[in-house]
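What follows is the residue order along each chain.
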Amino acid sequence: MAITAARPDPIPSPELREPVLRMQEVDKTFNGGVVALRRMSLEVRKGDFISLLGPSGCGKSTALRLIAGLMRPTLGKIVWEGGASRDDLGVVFQEPTLMPWATVEQNVWLPFRVRGESLRSTRDRIMETLELVGLEKFAKSYPRELSGGMKMRVSIARALVTNPRLILMDEPFAALDEITRQKLNDDLLSLKAKTGATVIFVTHSVFESVFLSDRILVMAARPGRVIREIAVPEPYPRGIEWRTSPEYAAIARQTSDTLHSTLAPGSEAH
Amino acid sequence: MTAIDSSTAASSTDKGPMFDEEEERIARAKRVESVAKWALPIIVMSLAIWYWDRLVVWNDIPHYVLPGPGLVLSTLIEDWPILSEALLVTLKITAMALAVAVAGGVGLAVLFAQSRFAEMSFSPFAVILQVTPIVSIAPLIFIYIDNRIVGLLLCAWIVAFFPILANTTLGLKSTDHNLSDLMTIYRASRWQRLRYLQLPSALPYFLGGLRIAGGLALIGAVVAEYVAGTGGIGSGLAFRILEAGYRLNIPRMFAALILIAGTGVLIFATTTLISHLALRKWHESALKRD
Ligand SMILES: Nc1ncnc2c1ncn2[C@@H]1O[C@H](COP(=O)(O)OP(=O)(O)OP(=O)(O)O)[C@@H](O)[C@H]1O
Ligand SMILES: [Mg+2]
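Keep in mind the model is a prediction, meaning the values are calculated, not measured.

S.K.: Outline the overall build of chain A, listing residues and values.
M.R.: Broken down by element type, chain A carries nine helices and nine strands. The C-alpha atoms of chain A give 19 Å as radius of gyration, which agrees with the globular expectation for 270 residues (18 Å, within 12%). Taken over 270 residues, chain A has a buried fraction of 53%. The contacts in chain A between residues at least 6 apart in sequence include a share of 70% that link residues at least 24 apart. Split by element, the accessible area of chain A, about 12,300 Å² in all, is 53% carbon and sulfur. Placing the 36 positive and 32 negative side-chain charges of chain A at their respective mean positions leaves the two points 4 Å apart.

Dropping the structure here:
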């Protein structure tokens, strides 16, 4: 209880949290007739950390792109709730996607810049966010002077800086080595604890999804669809000990089994 | 334990001097290279000039066939009033043509990037202008355009503007797709997308085009003047070469030629410097590696 009270953004039980976004029976069929996503429904509430887990080509990126408004659903609706909107979005891609000609600080400034806010008026917030990801000393550096993991942190800082209602992350750590990846996973969790951010996180990794999220949507390919939702009841903040706990191992096994059942031919989970 | 220790110690003492030697060799090679970078071109150039001079002296070549370097230099100094005036004209036309080419090339590229229909409509014209040799269009231009300077400018512009247009168009299209998506997510306006994303992405491409266009503008200015012929006030270096040729004033031809070559080198050095200054902080092409 004391821990919950100390957090800046206490997270009440899921049913009480305000909804952010609802996907209702969303279908996405591409021109070639590829069904990338079939009847996907998803309710995102404030403070959720949802992982989309599935094999390559099951429509994870498609789901994120639909939510980000980069394309329209073929059928179904995506509804933003409670005054949230697509403008209120942070995105982290698989690559850091930084502007090489701009300093770290200027890169993080971009979402503010597009809103017409000057660097000077937002510098405090930018520095605060860079501190959050541990890069305050590199504000004036250029992306090429940073390691892969540091670039990813800049990308995360850019997604966080406007304090968006929802953050979309598409396999952000897939290109990094295991050690950096675990470090960034830990950092991401402490960020979440500090900011109470709502996150949809795409990953190929069972362990990453169990470690990070409170809900895992396991997806299958051809056609892309959600076959099962697995809850991870462990409360935040989660420490390193979570990685070694028996509950973690049990959920990881369950998730892994579900994932493998999707790969077996002819299997259809309900 | 001790065996391992002694063996590593032995190998490290074995390796020590070897390693130093290697390092020293690399350092020496670097020093030699840094001197050679300047010294070699100067030495070779001096040798070539010296050989030119000897060639003239040994073979008793008359100066109306091949003047020696000394004579060319003295002509350059003697004729400086005429030549400098011509140089100024050529420089002015080249610089103006380049400036208009930059404005037109970048402007058209931005238009193409904004509207695919504009690109479909106008890029054939750009290509036709580019592939038609300037010498074959120039006479027509001088028939239709009375003002000599404007005609020269137009010729130089036609040659110079295409590399800028082509490169900048390519650059504007080479933006990172994810960054472009990010701009869409942030609801950036067309103008913001252009300013924050497309123009900076296109900068290295544009500068590459500028370096080519700089040389071409000079070529265009010179070639057009050969075609334009008749001189008078406002004649550039090319006309002075023609005129000197008619009068068999070969030393002056050489002097003017040297000025043209020098102008070309100057333009190349300037555009290279601009490119380096603009990109040195972030672009791969301008980064030092060690
Ligand atoms: N623009 C497109 N045009 C046509 N088909 C597409 C397009 N984008 C994706 N697809 C198809 O939709 C399906 C889902 O693609 P998506 O990129 O969402 O998969 P993913 O789950 O993100 O895969 P990965 O883990 O490899 O990134 C794939 O079969 C893909 O071929
Ligand atoms: Mg994907």
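S.K.: Tell me about the site of ligand 1, and please be specific about residues and values.
M.R.: Residue and element names in this part refer to chain A. Close contacts around ligand 1 come from Phe30, Val34, Ala36, Ser56, Gly57, Cys58, Gly59, Lys60, Ser61, Thr62, Glu171 and His204, and that covers them all. At 3.2 Å from an oxygen atom of ligand 1 is found a side-chain nitrogen or oxygen belonging to Glu171. In the complex, the protein chains occlude 60% of the 640 Å² of accessible area that ligand 1 would expose alone. With three residues, helix H2 (residues 60-67) is the largest single contributor of residues to the shell around ligand 1. Considering only residue class, the shell around ligand 1 consists of four nonpolar, six polar and two charged.

S.K.: Can you explain the nonpolar core? Please cite residues and give values.
M.R.: With 65 residues, the main nonpolar core has Met40, Leu52, Leu166 and Ile200 of chain A as its most contacted residues. With nine residues, helix H8 (residues 190-228) of chain B is the single largest residue contributor to this core. Core analysis: the next-biggest nonpolar cluster, separate from the first, contains 50 residues, Phe49, Phe112, Leu119 and Val210 of chain A among them.

S.K.: Break down the pairing of strand E9 (residues 225-231) of chain A for me, with residues and values.
M.R.: Residue and element names in this part refer to chain A. Alignment of strand E8 (residues 215-220) against E9, held across six bridges, turns out to be antiparallel. Each bridged residue has a counterpart across the sheet, and for Met219 the counterpart in E9 is Val226. The turn linking E8 back onto E9 is made up of four residues, and Arg222 within it adopts a positive phi angle of 45 degrees.

S.K.: I'd like a description of helix H9 (residues 246-263) of chain A, backed by residues and values.
M.R.: Residue and element names in this part refer to chain A. Here H9 is 18 residues long and its end C-alpha atoms lie 26 Å apart, about the 26 Å a rise of 1.5 Å per residue gives. Within H9, burial applies to Tyr248, Ile251, Ala252, Thr255, Thr258, Leu259 and Thr262. Buried residues of H9, seen end-on, are gathered within an arc of 130 degrees and therefore sit on one face of the element. Exposed residues lying more than 90 degrees from the buried face of H9 are Pro246 and Arg253. On the buried face of H9, the contacting elements are strand E3 (49-53), helix H7 (206-212), E8, E9 and helix H8 (241-244).

S.K.: So what's going on with the pattern of salt bridges? Which residues, and what values?
M.R.: When charged atoms on two side chains of opposite charge get close, those side chains can pair. Taken as a whole and assessed by the stated rule, the structure comprises 24 salt bridges over all chains. For Arg39 of chain A, the salt bridge identified is with Glu25 of chain A, shortest N-O distance 2.7 Å. Remark: Glu25 of chain A occurs in strand E1 (residues 19-29) and Arg39 of chain A occurs in strand E2 (residues 35-45); sequence separation between them is 14 residues. By relative accessible area, Arg39 of chain A is classed as exposed at 55%. The closest approach of N and O atoms between Arg252 of chain B and Glu243 of chain B, which form a salt bridge, is 3.9 Å.

S.K.: Outline empty space enclosed by the protein, listing residues and values.
M.R.: Residue and element names in this part refer to chain A. Inspection of the entire model under this criterion finds two cavities of 30 Å³ or more. Counted as a void, the largest cavity has a volume near 70 Å³. Considering the residues around the largest cavity, the lining is formed by Phe49, Ile156, Leu160, Ile167, Met169, Leu188, Leu191, Lys192, Thr195, Ala197 and Val199. Put simply, the parts of the chain that give the lining of the largest cavity at least two residues each are helix H5 (148-160), strand E6 (166-170) and helix H6 (178-195). Here the element with the most residues in the lining of the largest cavity is H6; it accounts for four residues.

S.K.: Can you lay out the interface of chain B and chain A for me, pointing to particular residues and giving the numbers?
M.R.: Taken together, the 21 residues of chain B in the interface contact 21 residues of chain A. Across the interface of chain B and chain A, roughly 2,100 Å² is buried in total on both sides, 65% from carbon and sulfur atoms. The largest share of the area that chain B buries against chain A comes from Ile185, Tyr186 and Tyr196 of chain B, three residues that together contribute 32% of it. The interface formed by chain B and chain A contains one salt bridge. A salt bridge links Arg65 of chain A to Asp181 of chain B; the shortest N-O distance between them is 2.9 Å. At the boundary of chain B and chain A, one finds four residue pairs in polar contact (both at pLDDT 80 or more). Secondary-structure elements contributing two or more residues to the side of chain B that touches chain A are helix H7 (177-185) and H8 of chain B. If you tally residues by element for the side of chain B that touches chain A, the top one is H7 of chain B, at seven residues.

Reading the values: rules and limits
- Residues numbered from 1 in each chain as written.
- Chains lettered and ligands numbered in written order.
- Predicted model: local features only at pLDDT ≥ 70, side-chain atom pairs only at ≥ 80, totals over all residues.
- Heavy atoms only, no water.
- Helix = DSSP H or I, 4+ residues; strand = E, 2+ residues; numbered from the N terminus.
- Rg over C-alpha atoms; globule rule 2.2 N^0.38 Å.
- Buried < 20%, exposed > 50% of the residue type's maximum accessible area, 1.4 Å probe, protein only.
- Contact = heavy atoms within 4.5 Å.
- Areas by Shrake-Rupley, 256 points an atom, 1.4 Å probe, with all protein chains shown as cover.
- Lys, Arg positive; Asp, Glu negative; His and termini not counted.
- Charge placed at Lys NZ, Arg CZ, Asp CG, Glu CD.
- Near = heavy atom within 4 Å.
- Polar contact = N/O pair within 3.5 Å; in protein donor to acceptor, adjacent residues only side chain to side chain.
- Nonpolar A, V, L, I, M, F, W, Y, C, P; charged D, E, K, R; others polar.
- Core = buried A, V, L, I, M, F, W, Y, C linked by side-chain atoms within 4.5 Å.
- Pairing = 2+ DSSP bridges.
- Expected span 1.5 Å × (residues − 1).
- Arc of directions from axis to C-beta.
- Salt bridge = Lys/Arg side-chain N within 4 Å of Asp/Glu carboxyl O.
- 1 Å grid on protein atoms, 1.4 Å probe; cavity = no way out; pocket = protein on both sides within 12 Å on 5 of 7 lines; lining within 4 Å.
- Points joined across faces, edges and corners; volume = space filled by probe spheres on them.
- Buried area = accessible area lost by both parts, 1.4 Å probe.

Spatial relationships are all this shows, so hold off on functional conclusions.
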